[in-house]
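Given next are the chains, with one letter for each unit.
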Amino acid sequence: MIATTTATSTFDKRLSNRAREIDSLLCIGLDPILNRLPDAIARTPAGVVEFSREIIAATSSMALAFKPNLAFFFALGREGLDTLYQVCADIPSNIPIVLDCKVNDMGATAEHYARAWFNELDVDAITIAPYMGEDACAPYFTNASKGVFMLTKTSNPGSGQFQDQTLESGHRLFEEVASQSAIWNDRYPASIGLVVGATWPDTFKQIRQHAPELWYLVPGIGEQGGSLKDSLVAGLTSSGDGILASASRSVLYASPGGDFAEASARAAAMLVDQIRSVRRALAT
């Protein structure tokens, strides 16, 4: 059976409650890469399960959420989906799971994507592409206990090719996604958030003008070079939260040796210390 959070409140409220309880906004990405596994771990799907279990155990007290990335599990071959199920089952039930799947389609296909990830795998939130419009996104928005993060301003260097285009409204495309997501968050039961890359800290204030209280999933911290401090300063909500600061490979692969779990815990603790420092400074 897959471990899930108890659906006693909306997804965003569960994030806020856990952020307050553990004083952390850290989201730990689970991106298993066989040739980067520690020397003592078999470079097999079973090794990924063992490795992930050790990482989860070492870092769970600091994790606001865990974020398995679908592509890295599918790349393991036929056993990849079973591996994903097992890794999700190893995450403590009080910690939300955000599946980074970046899916979308329309009609019955979207409904089946939603059923696959929310009902079958039973994760707490997913990432989707919003560019086919409201009717294509709506099937993901029906469950009040779930979260949906809309690709808004992604962390890759080429994101501006489309996302920075100015529309007839005068908004850039990423601003329009933020504005519509805020409207949909009020219209539908699910908690809707945004994916905003840490590599573009200057956009956070602009996006906050359109979606002042939504949660942002913020990738790009660590190996991609995004600034944790700048993202927090520009992106925290009036409540001092609203940011899921996502670090993956910089935490997972902190050491290739037998101390890999302890090294991951130290890397996570350094990020949490930075988060707490910035939040304290902004609160004074």
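In this text the structure is predicted, and so the values were computed from the model without any measurement.

**Some points on the side chain of Asp124**
And then number 1: Locating Asp124 in the fold gives a position in the loop between helix H5 (107–120) and strand E4 (125–128).
And then number 2: A polar atom in the side chain of Asp124 sits 3.2 Å from the side chain of Arg14.

**Regarding empty space enclosed by the protein**
Remark: the empty space left among the atoms is shown by a probe the size of a water molecule rolled over them.
And then number 1: One pass over the structure, following the stated rule, counts one cavity of 30 Å³ or more.
And then number 2: Here the largest cavity is characterised by a volume of approximately 40 Å³.
And then number 3: Leu30, Asp31, Pro32, Phe51, Ser52, Ile55 and Leu252 are the residues that line the largest cavity.
And then number 4: Split by residue class, the lining of the largest cavity holds five nonpolar, one polar and one charged.

**A word on the pattern of salt bridges**
And then number 1: Counted under the stated rule, the structure contains 12 salt bridges.
And then number 2: The salt bridge partner of Asp124 is Arg14, with a shortest N-O separation of 3.2 Å. Here Asp124, found in the loop between H5 and E4, pairs with Arg14, found in helix H1 (residues 11–22); they are 110 residues apart in sequence, far enough to count as distant. Comparing Asp124 with Arg14 shows no difference in burial state: the two are buried.

**What about the sheet that holds E4?**
And then number 1: Read from one edge to the other, the open sheet built from eight strands follows the order E2-E1-E8-E7-E6-E5-E4-E3, with strand pairing classed as parallel. At either margin of the open sheet sits one strand with a lone partner, and together these are strand E2 (65–68) and strand E3 (98–103). Across the sheet, the axes of successive neighbouring strands diverge by a mean angle of 30 degrees, strand direction being ignored.
And then number 2: Across three bridges, strand E1 (residues 26–30) lies against strand E8 (residues 243–247) in parallel orientation. Looking at the pairing, Ile28 lines up with Ala247 of E8.
And then number 3: Its contacts with the sheet put helix H10 (residues 228–235) on strand E7 (216–221) and E8, and the angle it makes with E8 is roughly 165 degrees.

**Topic: the nonpolar core**
And then number 1: Formed by 88 residues in total, the largest nonpolar core has its most connected members in Tyr140, Met150, Tyr216 and Leu244.
And then number 2: Considering every element that reaches this core, the biggest residue donor is helix H12 (residues 260–283), with nine residues.
And then number 3: The contacts of Leu244, once residues within four sequence positions are left out, are Leu15, Leu25, Cys27, Leu64, Ala65, Val98, Phe149, Trp215, Tyr216, Leu217 and Val218.

**Considering the packing of H10 against H12**
And then number 1: In contact at an axis separation of 10 Å, H10 and H12 are set at 35 degrees when each is read in the N-to-C sense. Judged by the sense of rotation from one axis to the other, the crossing of H10 with H12 is right-handed. Note on element contacts: H12 touches H10 through Leu271, Gln274, Ile275, Val278 and Leu282, opposite Leu228, Lys229, Leu232 and Val233.
And then number 2: Looking at the contact of H10 with H12 residue by residue, the classes come out as seven nonpolar, one polar and one charged.

**Things to note about the side chain of Ser159**
And then number 1: Relative to the helices and strands, Ser159 resides in the loop between strand E5 (147–153) and helix H7 (160–163).
And then number 2: From its side chain, Ser159 meets the backbone oxygen of Thr154 in a polar contact 3.3 Å long.
And then number 3: Ser159 has contacts with Lys153, Thr154, Asp164 and Trp200, leaving out every residue within four places of it along the chain.

**Comments concerning a nonpolar patch on the surface**
And then number 1: A cluster of nonpolar residues, Phe74, Leu81 and Tyr85, forms a patch on the protein surface that exposes about 260 Å² of accessible area.
And then number 2: The topology assignment puts Phe74 in helix H3 (residues 70–74).
And then number 3: Taking the relative accessible area as the measure of exposure, Phe74 reaches 46% and is therefore partly exposed.

Conventions and cut-offs
- Within every chain, residues take consecutive numbers counted from 1 along the sequence as written.
- For this predicted model, a pLDDT threshold of at least 70 governs which residues receive local features, and a threshold of 80 or more governs which side-chain atom pairs are given and counted, while totals over whole chains, interfaces and linings are taken from all residues.
- To get the side-chain values, all heavy atoms of the structure are used, and hydrogens and water are removed first.
- Numbering of helices and strands starts at the N terminus; helices are DSSP runs of H or I of at least 4 residues and strands are runs of E of at least 2.
- Pairing of N or O atoms within 3.5 Å defines a polar contact, subject to two protein rules: one partner must be a possible hydrogen donor and the other a possible acceptor, and residues neighboring in sequence count only if both atoms are side-chain atoms.
- Cavity and pocket criteria rest on a 1 Å grid covering protein atoms alone: a 1.4 Å probe that fits but cannot get out defines a cavity, protein on both sides within 12 Å along at least 5 of 7 lines defines an open pocket, and an atom within 4 Å of a point defines a lining residue.
- Grid points are joined across faces, edges and corners, and a volume is the space filled by probe spheres set on the points.
- Note on residue classes: Ala, Val, Leu, Ile, Met, Phe, Trp, Tyr, Cys and Pro are nonpolar, Asp, Glu, Lys and Arg are charged, and everything else, Gly too, is polar.
- When a carboxyl oxygen of Asp or Glu lies within 4 Å of a side-chain nitrogen of Lys or Arg, that pair is called a salt bridge.
- Accessibility here uses a 1.4 Å probe with only protein chains present; expressed as a share of the type maximum, an area under 20% marks a residue as buried, one over 50% as exposed, and anything in between as partly exposed.
- Here a strand pair is declared whenever DSSP counts at least two bridges between the two strands.
- Working convention: axes come from line fits to C-alpha atoms, limited for helices to the stretch in contact. Angles between N-to-C directions cover 0 to 180 degrees.
- The contact definition used throughout considers only heavy atoms, calling two residues in contact when any of these lie within 4.5 Å.
- In these notes, a set of buried Ala, Val, Leu, Ile, Met, Phe, Trp, Tyr and Cys residues joined through side-chain atoms within 4.5 Å is what counts as a nonpolar core.
- In a left-handed crossing the near helix is turned counterclockwise from the far helix by less than a right angle, and in a right-handed crossing that turn is clockwise.
- What makes a patch is a set of residues exposed beyond 30% relative accessible area and free of salt bridges, joined within 9 Å when like-charged and within 5 Å when nonpolar (Val, Leu, Ile, Met, Phe, Trp, Tyr).
- Areas reported as accessible are Shrake-Rupley estimates using a 1.4 Å probe. Residue values count occlusion only from the protein chains shown.

In short, geometric facts, not functional conclusions.
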